[in-house]
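Okay, here's what each chain looks like letter by letter:
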Amino acid sequence: MSLVTLQDLTIRHSGNPVLTNVNFTITKGEIVTLVGPNGSGKSTLLRAVIGALRPNSGQVIRAPGLRIGYVPQKLHIDPTLPLTVRRFLSLPTRVPNSMADQALDQAGAGPLANRQMSRLSGGQFQRVLLARALLCNPQLLILDEATQGLDQPGSAAFYQQIETVRQQLGCAVLMVSHELHVVMAASDRVICLNGHICCEGEPEHVASAPEYRALFGTGTQGALALYRHEHNHSHDSDCDHHSHEAAE
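Keep in mind that what you see is a predicted model, and the values were worked out from it rather than measured. Position numbers for residues start from 1 in each chain and track the written sequence from start to end. Local features are withheld for residues below a pLDDT of 70 in this predicted model, meaning they are given only at 70 or higher, and side-chain atom pairs are given and counted only at 80 or more; totals for whole chains, interfaces and linings count all residues. Computation of side-chain values: all heavy atoms of the structure, hydrogens and water removed.

Peer 1: How should the packing of helix H4 (residues 122-134) against helix H5 (residues 152-169) be read in this particular structure?
Peer 2: Helix axes use the C-alpha atoms of the stretch in contact, all axes being lines fitted to C-alpha atoms, and the angles between their N-to-C directions lie in the range 0 to 180 degrees. Numbered from the N terminus, helices here are DSSP runs of H or I no shorter than four residues, and strands are runs of E no shorter than two. It is the contact of H4 with H5, at a shortest axis distance of 11 Å, that shows an interaxial angle of 15°. In terms of orientation, H4 and H5 fall into the roughly parallel class. Pair H4 / H5 crosses with right-handed handedness. For the pair H4 and H5, contact is made by Gln126, Arg127, Leu130 and Leu134 and by Ala157, Phe158, Gln161, Ile162, Val165 and Leu169, respectively. Any residue that is not Ala, Val, Leu, Ile, Met, Phe, Trp, Tyr, Cys, Pro, Asp, Glu, Lys or Arg is counted as polar, Gly included; the first ten are nonpolar and the last four charged. Here the residues of the contact of H4 with H5 are counted per class, giving seven nonpolar, two polar and one charged. What sets the label is the angle itself: under 35 degrees gives roughly parallel, over 145 gives roughly antiparallel, 65 to 115 gives roughly perpendicular, and the rest give oblique. By convention the crossing between two helices is left-handed if the near helix lies anticlockwise of the far one by an angle smaller than a right angle, and right-handed if it lies clockwise. Contact between two residues is taken to exist if any of their heavy atoms lie within 4.5 Å; hydrogens are not considered.

See below:
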């Protein structure tokens, strides 16, 4: 079952192309990861899928009544504000205790209900944001670099929880990640993005592709702190390639 289909999606900011002729489909139950350097259009693509951005051309087709849960990269809460996790989940609209408890359990944050938001660790905070995204029982869960700032064990534990959520809810997951080990371990499909789709497929296929290696290198950590890359390649049946050079 197709949840979201992008057809020839093109988005420009101030006349400058950010995404050009992007085509892909997200189906029920799969985990899809977007990778690419800074400025490659990853967050723009997520906003288009959610409906926060309208394309300049092309279209985003969503399944009727599609429920989307969103986990942001970060969320600032005034540390002086007395706000428990349970109260946070009821902003701006109160949710029943049973619904909040279920979402917290699904996110692996059940014991945190009465904790102050300001006292949570980074990993605990992200699990609470995940619980908030699960309140709507999403068919599609979107995560925008949700583990940024977490150490490697914390990231691994968080994405193990995402896999558990996928199994429990049967939802699809679309996420941006800058961690190669997470991409390889947690994804069914990887999309390499740099203003267009450079390459996509199963993680092992993408990781061995020349255009992916040109972006991220061959190290297990992904060499993702990119400042400059070059890649020159030709089109083939698996990947949509263009010769280009980009700087951060």
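Peer 1: Before we go on, may I ask you to explain H5 in this structure?
Peer 2: Every α-helical turn comprises 3.6 residues, leaving residues that sit three or four positions apart pointing alike. What a helix is expected to span follows from its residue count: subtract one and scale by 1.5 Å. A rise of 1.5 Å per residue sets the reference length of H5, with its 18 residues, at 26 Å; its end C-alpha atoms lie 26 Å apart and thus fit the reference within 8%. Relative accessibility decides the category of a residue: with a 1.4 Å probe and only protein chains considered, values under 20% of the type maximum give buried, values over 50% give exposed, and everything between is partly exposed. Residues Ser155, Phe158, Tyr159, Gln161, Ile162, Val165 and Arg166 constitute the buried set of H5. Projected down its long axis, H5 carries its buried residues within an arc of 150°, all on one side. In H5, the exposed positions that point more than 90 degrees away from the buried face belong to Pro153, Gln160 and Gln167. Under the rule applied, a polar contact is a pair of N or O atoms within 3.5 Å (in protein, one hydrogen donor and one hydrogen acceptor; residues adjacent in sequence only if both atoms are side-chain atoms). If you check the start of H5, you find a side-chain oxygen 2.8 Å away from the backbone N of Gly154, and it comes from Asp151. Once H5 ends, the next one or two residues include Gly170, with phi positive near 70°. To be clear, the arc concerns the directions from the helix axis to the C-beta atoms.

Peer 1: Help me understand the sheet that holds strand E7 (residues 172-176), please; the structure alone is not making it clear to me.
Peer 2: Neighbouring strands of a sheet are bound in pairs by backbone hydrogen bonds; such pairs are parallel or else antiparallel. The strand order across the open sheet formed by six strands is E5-E6-E7-E3-E8-E9, and the pairing between neighbours is mixed. Strands at the two margins of the open sheet, each flanked by one partner only, are strand E5 (68-71) and strand E9 (197-201). In this sheet, adjacent strand axes meet at a mean angle of 15° when their direction is disregarded. Being paired, for any two strands, means DSSP has found at least two bridges between them. The sheet contact formed by E5 and strand E6 (residues 140-144) spans four bridges and is parallel. The partner of Val71 across the bridge, within E6, is Leu143. Lying over the sheet, helix H1 (residues 42-50) contacts strand E3 (31-35), E5, E6, E7 and strand E8 (189-193), oriented at roughly 150° with respect to E6. This element, H5, spans E3, E6 and E7 of the sheet and lies at about 165° to E6.

Peer 1: Sorry, what's going on with the nonpolar core here?
Peer 2: Nonpolar side chains in soluble globular proteins tend to be buried together. Throughout this description, the term nonpolar core refers to a set of buried Ala, Val, Leu, Ile, Met, Phe, Trp, Tyr and Cys residues connected via side-chain atoms within 4.5 Å. One finds Met117, Leu130, Leu141 and Leu143 to be the most contacted residues of the largest nonpolar core, which totals 37 residues. The set of elements that each furnish at least two residues to this core consists of helix H2 (85-89), helix H3 (97-106), H4, E6, H5, E7 and helix H6 (180-186). Ranked by residues supplied to this core, first place goes to H4 with seven residues. Where each domain starts and ends comes from a domain assignment, either automatic or drawn from a database. Two domains each put at least three residues into this core: domain 1 (1-67 + 140-221) and domain 2 (83-137). Among the nonpolar cores identified, the runner-up in size contains 26 residues, and Leu45, Val60, Leu66 and Ile197 belong to it.

Peer 1: Please explain the side chain of Thr44 as it appears in this structure.
Peer 2: In this structure, Thr44 sits in helix H1. Beyond its immediate stretch of four places on either side in the chain, Thr44 contacts Ile11, His13, Val18, Leu19 and Leu53.

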